[in-house]
Amino acid sequence: MSGMTEHPDLLLSAYLDEALAPDETDAVRAHLDGCARCQDRLGELQATSRLIAALPQLEPRRSLVPRPERAPAWLRPVRLLGAIGSGVFVFLFLASAVINTGSSLGGGTTTAERLAEKGQFGAAVNALASDAAKGGVQSTAAPAAPAVASAQSQNFDTSRDVTAASGTPVARADVASAPAAPREAAGPSGFGPPPALFLAVAALCALIAFVAHRRLRRV
Amino acid sequence: MDDLDRARRGDARAFDSLARAHERALYSHVARILGAGADAEDVVQDAFVSAWRSLPGFEGTSFKAWLFRIARNRAIDVIRAQKRRAELPLDPPDEEGDAGWAEPPAGGPELTDIAAGHEARAAVEAALALVPVEQRDALLLRDVEGFSYEEIASITVSEIGTVKSRIHRARVTVRNELVAKGWKGSSG
């Protein structure tokens, strides 16, 4: 563009504002050196720009800056505590849900257990096999089921061995019913308050934090 | 921590300080787009409220440019609504080529010699009012507020080429209006 022969009228303002690329700047400068017309136009554009820049600021008739309502001093810590509380209770909800799920899997009474408790060991074996087969089919939904069945089978085998050694129905009944006792003590629903309660408290904390935040941002 | 950081964290006093620093410049800009008065005041006030609410999400570096963008967009929306009611386009379409360069009269003061007196200011304000809105907007952002072309492109959501064209055409229009009022160009 260094051999610019046409007047660079469209580039003059950008040249004035130093907003051209280096090669364009060089080309316009070279043209200006030998063109009085473009020098005059550049001078007038510069004068116009200065006149506009010299315009005074206008004064609004009233203050336009909104006054944010001064929020109470306690609102900020409430927002922080609400946010933290929400996180803590979500964690508690997840933790209790996981623990209760594990407790429920370990504490459930299967058909095989009930049969074993009644001394019907042959039927219990069949029931275990049936449970194991169901566990295999439903393994995607409940992957822990086969493992539980296996553990229960081991318990049953142990009780059978002991039964064979002692040879008395009383002993069989005692051994078979022994693992069930601590489960009943633990209860089928796990420990502590229900997980839904933690979730409700977390939602309440989040709501408090949100309301405090909106109040702090109000104008 | 500066006012911007404090305001971003919800410090109303810091925001108040920031807003007051830009209040008159913002109002002046909007008033030269919309016309001075209640509409311009409402637009600036709304812009401040919007900025206060959106400030936690602001991640840019220039608070001033961000504020001008909010206010300028609201002002353009107001004009669009007015034009829509009257079924008029916002501006005539941007044309290719140079804006016409009016020949100056023989008499009158030279543009380069005009002092920034009251008469000159009134003449420049009147000339500016005749410039199409988006060209005027770009010219004021450049000459009055001193934004770079890149910043103006960001504020007005336009290409750099469009910004260059708008600024140039607006300056030529103001110059021609002044010449038409009897100011003598240096080439005359």
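Here, residues in each chain are numbered from 1, in the same order as that chain's written sequence. Here every chain gets a letter starting at A, and every ligand a number starting at 1, in the order they are written. At least 70 in pLDDT is required for a residue's local features to be given in this predicted model, at least 80 for side-chain atom pairs to be given and counted, and no such filter applies to totals for whole chains, interfaces and linings, which use all residues. To obtain the side-chain values, all non-hydrogen atoms of the structure were used and water was disregarded.

## Structural notes on the overall build of chain A
Just so we agree on the cut-off: In this description a helix means any DSSP run of H or I spanning at least four residues, a strand means any run of E spanning at least two, and both kinds are numbered starting from the N terminus. Accessibility here uses a 1.4 Å probe with only protein chains present; expressed as a share of the type maximum, an area under 20% marks a residue as buried, one over 50% as exposed, and anything in between as partly exposed. Accessible surface is estimated by sampling points in the Shrake-Rupley manner with a 1.4 Å probe; for residues, cover comes only from the protein chains shown.
In terms of regular secondary structure, chain A is built from ten helices and zero strands. Each helix and strand of chain A, ordered N terminal to C terminal, gives the series α-α-α-α-α-α-α-α-α-α. In chain A, which comprises 219 residues, the proportion classed as buried is 31%. When the accessible surface of chain A is totalled, it reaches about 12,900 Å², and 63% of it is carbon and sulfur.

## Regarding the interface of chain B and chain A
Worth spelling out the cut-off: In this description, contact between two residues means that some pair of their heavy atoms is separated by no more than 4.5 Å. Accessible surface is computed with a 1.4 Å probe, and the buried area is the amount of it that two parts give up when combined, taken over both parts together. In what follows, salt bridge is the name for a side-chain nitrogen of Lys or Arg lying within 4 Å of a carboxyl oxygen of Asp or Glu. Polar contact is the term for a pair of N or O atoms within 3.5 Å; when the atoms are in protein, one must be able to donate a hydrogen and the other to accept it, and sequence-neighboring residues count only if both atoms are side-chain atoms.
With 56 residues of chain B at the interface, the matching set in chain A holds 42 residues. Summing both partners gives a buried area of about 4,600 Å² for chain B against chain A, and 58% of it is carried by carbon and sulfur. Remark: the boundary between chain B and chain A carries seven salt bridges. Of the charged contacts in the structure, one is a salt bridge between B:E41 and A:R61, with a shortest N-O distance of 3.1 Å. For the pair chain B and chain A, the number of links is 17 residue pairs in polar contact (both at pLDDT 80 or more).

## With respect to the packing of aromatic side chains
All names here are of chain B. For the record, the criterion: What counts as a ring pair is set by centres within 6.5 Å for rings of Phe, Tyr and Trp (its six-membered ring), and what kind of pair is set by the plane angle: stacked under 30 degrees, edge-to-face over 60, tilted for all other angles. Criterion for a charge above a ring: Lys NZ or Arg CZ within 6 Å of the ring centre, and within 35 degrees of the ring normal.
All told, the structure shown has six aromatic pairs over all chains when counted by the stated rule. Ring centres 5.1 Å apart and planes at 55° place the aromatic pair F15 and W52 in the tilted group. Highlighted residues: F15 in helix α2 (residues 12–34) and W52 in helix α3 (residues 38–54), separated in sequence by 37 residues. What makes F15 buried here is its relative accessible area of 0%. Under the relative-accessibility criterion, W52 is labelled buried at 0%. One cation-aromatic arrangement involves K64 over F147; the distance from NZ or CZ to the ring centre is 5.0 Å.

## Thoughts on the confidence of the model for chain B
Do not read the predicted coordinates in detail wherever pLDDT is low. Operational definition: The predictor rates its confidence in each residue with pLDDT, a number between 0 and 100.
Considering every residue of chain B, the mean pLDDT works out to 86; 82% of them sit at 70 or more. What the predictor reports for the complex is a pTM of 0.61 with an ipTM of 0.85.

## A few points about the packing of helix α2 (residues 22–33) of chain A against helix α3 (residues 36–53) of chain A
Residues and elements named next belong to chain A. Where we set the bar: Angles run from 0 to 180 degrees between N-to-C directions of axes, and those axes are lines fitted to C-alpha atoms, restricted for helices to the stretch in contact. Comment on the angle field: the value is read as roughly parallel under 35 degrees, roughly antiparallel over 145, roughly perpendicular from 65 to 115, and oblique elsewhere. Each residue gets one of three labels, nonpolar for Ala, Val, Leu, Ile, Met, Phe, Trp, Tyr, Cys and Pro, charged for Asp, Glu, Lys and Arg, and polar for the others, Gly among them.
Close contact between α2 and α3 brings their axes to 7 Å; oriented N to C, the two are set at 115°. By the criterion of interaxial angle, the relationship of α2 to α3 is roughly perpendicular. Taking contact as the criterion, the partners of H31, L32 and D33 in α2 are, on α3, C38, Q39 and L42. Classifying every residue of the contact of α2 with α3 gives three nonpolar, two polar and one charged.

## Let's talk about helix α5 (residues 118–129) of chain B
Residue and element names in this part refer to chain B. For the record, the criterion: An expected span of 1.5 Å times one less than the residue number is assigned to each helix. Arc definition: directions from the helix axis to the C-beta atoms.
Taking 1.5 Å per residue, twelve residues should reach 16 Å; α5 reaches 17 Å between its end C-alpha atoms and fits that length. Those residues of α5 lying buried are A120, A123, V124, A127 and L128. Viewed end-on, α5 has its buried residues packed into an arc of 135°, placing them on one side of the element. In α5, those exposed residues whose orientation departs by more than 90 degrees from the buried face are H118, E119 and A129.

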